[in-house]
Amino acid sequence: MNDVQTPELTVPTRASEPRRRGLRWVALIALSAGGWALGESIGLTAAGLFAALIVAAALAVTGWGPSRVPSPLGKLAQGVLASAVGLMVHRETIAALGSLWVPVVSIAAATLVISVAAGALLALHRDVDAVTGSLSMTAGGATGLVAMARELGGDDRVVAVVQYLRVALVVVSMPMIVTFGFRADTGAGTVTATDGGGAAEWYVALPFLALFIVGGTAVASFVRLPAPATLGPLAVSAGFELGGWSDAVSVPPMLMTAALILIGWQAGLAFDRASLRAIGRILPYAALLTLLVGAACAGLGVLLSHLTGASLLEAYLATTPGGLAAVLAVSASTSSNVTFVAAAQVLRLVIMLVTTPIMAKAFAHFSSRRRRA
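Not measured: the values here are computed from a predicted model.

Scoring rules and cut-offs
- Residues numbered from 1 in each chain as written.
- Predicted model: local features only at pLDDT ≥ 70, side-chain atom pairs only at ≥ 80, totals over all residues.
- Heavy atoms only, no water.
- Helix = DSSP H or I, 4+ residues; strand = E, 2+ residues; numbered from the N terminus.
- Buried < 20%, exposed > 50% of the residue type's maximum accessible area, 1.4 Å probe, protein only.
- Areas by Shrake-Rupley, 256 points an atom, 1.4 Å probe, with all protein chains shown as cover.
- Expected span 1.5 Å × (residues − 1).
- Core = buried A, V, L, I, M, F, W, Y, C linked by side-chain atoms within 4.5 Å.
- Contact = heavy atoms within 4.5 Å.
- Phe/Tyr/Trp six-rings, centres within 6.5 Å; stacked < 30°, edge-to-face > 60°.
- Axes fitted to C-alpha atoms, helices over the stretch in contact; angles between N-to-C directions.
- Parallel < 35°, antiparallel > 145°, perpendicular 65-115°, else oblique.
- Left-handed = near helix turned anticlockwise from the far one by under 90°.
- Nonpolar A, V, L, I, M, F, W, Y, C, P; charged D, E, K, R; others polar.
- pLDDT = per-residue confidence, 0-100.
- Polar contact = N/O pair within 3.5 Å; in protein donor to acceptor, adjacent residues only side chain to side chain.
- Arc of directions from axis to C-beta.
- Salt bridge = Lys/Arg side-chain N within 4 Å of Asp/Glu carboxyl O.

What the chain contains, in helices and strands, is 15 helices and 0 strands. Looking at the chain residue by residue over its 373 residues, the buried ones come to 46%. If you sum the accessible surface of the chain, you get close to 18,500 Å²; carbon and sulfur atoms cover 67% of it.

As structure tokens, this is what we get:
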């Protein structure tokens, strides 16, 4: 009697899983690149981050996205963004403030206090914790705050949505306020982009960036700073810039775009349907608080004008809560004092990014102790 053996049928699930993961990454990269190109063509601020966030969230909710961005890539993106901010702290820009630096720093500190108060109010919502609330309502440094949110224990999805709601409101409303509120002639000046003629080549900049990111993160971790992948490179790059050791060094544009896209993916891939519903409940409350913060910053602009002798328009532009590139473009187009506006905005940005992580941690610690009590 012949025994007929039938071959065993195996389902190649393990073999096909890497292929599926690869296809998901290909789809994420291709769609994000297309969204970035579209955003750049219409002049969208931080187009790479915005496109990556939307695409990653859509793929994650439908189950077609990768699980997460590898942690080393996320920290690298944080370091690139922080180094870019640190390299903005030019000696000439800060020196241009002269005797006005005290009122400018005081107004920036007042903006921080307003942001923390708004964050505390947002944290009263049942879907928002203390760290997420404080990071979401900070008036400045949207990309940096989104990048460090997860490292600080916050919800980077909520932080990303609320922060870019603030940026959108500022960018949309500012030209109308300048044109119709201040009756400014937006064609009075000429807006010129920096041509980068004096900037070092990318192969010269990369060793500096590696030093800022690796060395800064290591030092910040050693001294136990919150968000070391952000605060470390920020401090080291700003120190090099102020010391004159990194003149003409800047973050290569494509590297900056890649960092923005990674940050967008990191937040977007964490979305699911439950988180979308929660953010939908938060959004009206967050929008109201954002408008109140904007109104408070406009009031600080009036005070800054009184303290420094700057025009109301210049003081308004100097205290606008976000949209740095758009602020400088509008400032130049109205023949305002661009140096004063840039210095005030950069100082505010650095103060926000340095102090917000510390205050967020302190606020979370205080809130947890209060709940236990």
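Between its terminal C-alpha atoms helix H5 (residues 101–122) stretches 31 Å, which fits the 32 Å expected from 22 residues at 1.5 Å a residue. Three or more residues of H5 are buried, namely Pro103, Val104, Ile107, Ala108, Thr111, Leu112, Ser115, Ala118, Gly119 and Leu122.

So, on to the nonpolar core. Core analysis: the largest hydrophobic core is formed by 65 residues, its most contacted members being Leu135 and Trp265. Sequence-distant contacts of Trp265, defined by excluding residues within four places in its chain, comprise Trp25, Leu28, Ile29, Ser32, Ala52, Ala56 and Val69. Core analysis: the second largest hydrophobic core is formed by 20 residues, Val104, Ala315, Val327 and Phe340 among them.

Under the counting rule described, the total for this entry stands at 6 aromatic pairs. Centroid distance Trp202 to Tyr203: 5.7 Å. Interplanar angle 80°. Geometry classified as edge-to-face. Tyr203 shares its class with Trp202; the two are exposed. Relative to Trp245, the ring of Phe240 has its centre 5.5 Å away and its plane inclined at 80°; by these criteria the two rings are edge-to-face. Its relative accessible area of 59% is what places Trp245 among the exposed residues. Ring pairs connect the aromatic residues Phe208, Phe212, Phe240 and Trp245, which therefore count as one cluster.

A few words on the packing of helix H3 (residues 71–86) against helix H11 (residues 253–268). Closest axis-to-axis distance for the H3/H11 pair is 9 Å, and the angle between their directions is 130°. By the criterion of interaxial angle, the relationship of H3 to H11 is oblique. For the pair H3 and H11, the sense of crossing is left-handed. Taking contact as the criterion, the partners of Leu73, Gly74, Ala77, Gln78, Val80, Leu81 and Ala84 in H3 are, on H11, Leu255, Met256, Ala259, Leu260, Leu262, Ile263 and Gln266. The class makeup of the residues in the contact of H3 with H11 is 11 nonpolar, 3 polar and no charged.

This brings us to the environment of Leu59. Along the chain, Leu59 falls in helix H2 (residues 47–62). Residue class for Leu59 comes out buried when judged on its relative accessible area of 11%. The sequence separation of Leu59 and Ala27 amounts to 32 residues, and the corresponding C-alpha distance is 8.9 Å. Those residues in contact with Leu59 that lie beyond four places of it in its chain are Ala27, Leu28, Leu31, Trp64 and Gly65.

Before going further, it helps to examine the side chain of Thr111. Assignment of secondary structure puts Thr111 in helix H5. The residues contacting Thr111, other than those within four sequence positions of it, are Ala139, Cys297, Leu300, Arg348 and Met352.

What follows concerns the environment of Trp202. When you line up the elements, Trp202 lands in helix H9 (residues 202–222). Taking C-alpha positions, Trp202 is 7.9 Å from Val251, a pair spaced 49 residues apart along the chain.

Turning to the confidence of the model for the chain, a few remarks are in order. For the chain, per-residue confidence averages 83 on the pLDDT scale, and residues scoring 70 or more make up 88% of the total. Segment residues 6–12: pLDDT under 50, and 0 contacts once partners within four positions in sequence are set aside and those in other chains are kept. Confidence drops under a pLDDT of 50 for residues 188–197, and excluding neighbours within four residues, the segment shows 11 contacts in the predicted structure.

Here we take up the side chain of Ser237. Tracing the chain through its elements places Ser237 in helix H10 (residues 228–243). On the basis of relative accessible area, Ser237 is assigned to the buried category, the value being 0%. A polar contact of 2.7 Å, which involves the side chain of Ser237, links it to the backbone oxygen of Pro233. If we ignore the near neighbours within four places in the chain, the residues touching Ser237 are Ala82, Ser83, Gly86, Leu87 and Phe212.

What follows is about H9. Over its 21 residues, H9 extends 29 Å from the first C-alpha to the last, a length consistent with the 30 Å expected when each residue adds 1.5 Å. Turning to H9, its buried residues are Ala205, Leu209, Phe212, Ile213, Gly216 and Ala220. Buried residues along H9 cover an arc of 85° about the axis, so they all sit on one side. Across from the buried face of H9, at angles greater than 90 degrees, the exposed residues are Tyr203, Val214 and Phe222. Looking at the packing, one finds that the buried side of H9 touches H3, H10 and H11. One or two residues past the end of H9 sits Arg224, with phi positive at roughly 60°.

Time to look at the pattern of salt bridges. On inspection of all chains with the given rule, the structure shows 4 salt bridges. Taking the shortest distance from any N to any O, the salt bridge between Glu151 and Lys75 comes out at 3.7 Å. In this pair, Glu151 is assigned in the loop between helix H7 (142–149) and helix H8 (156–181) and Lys75 in helix H3, connecting sequence segments 76 residues apart. Residue classification places Lys75 among the partly exposed positions, given a relative accessible area of 38%. The shortest N-O distance in the salt bridge between Arg281 and Asp127 comes to 2.9 Å.

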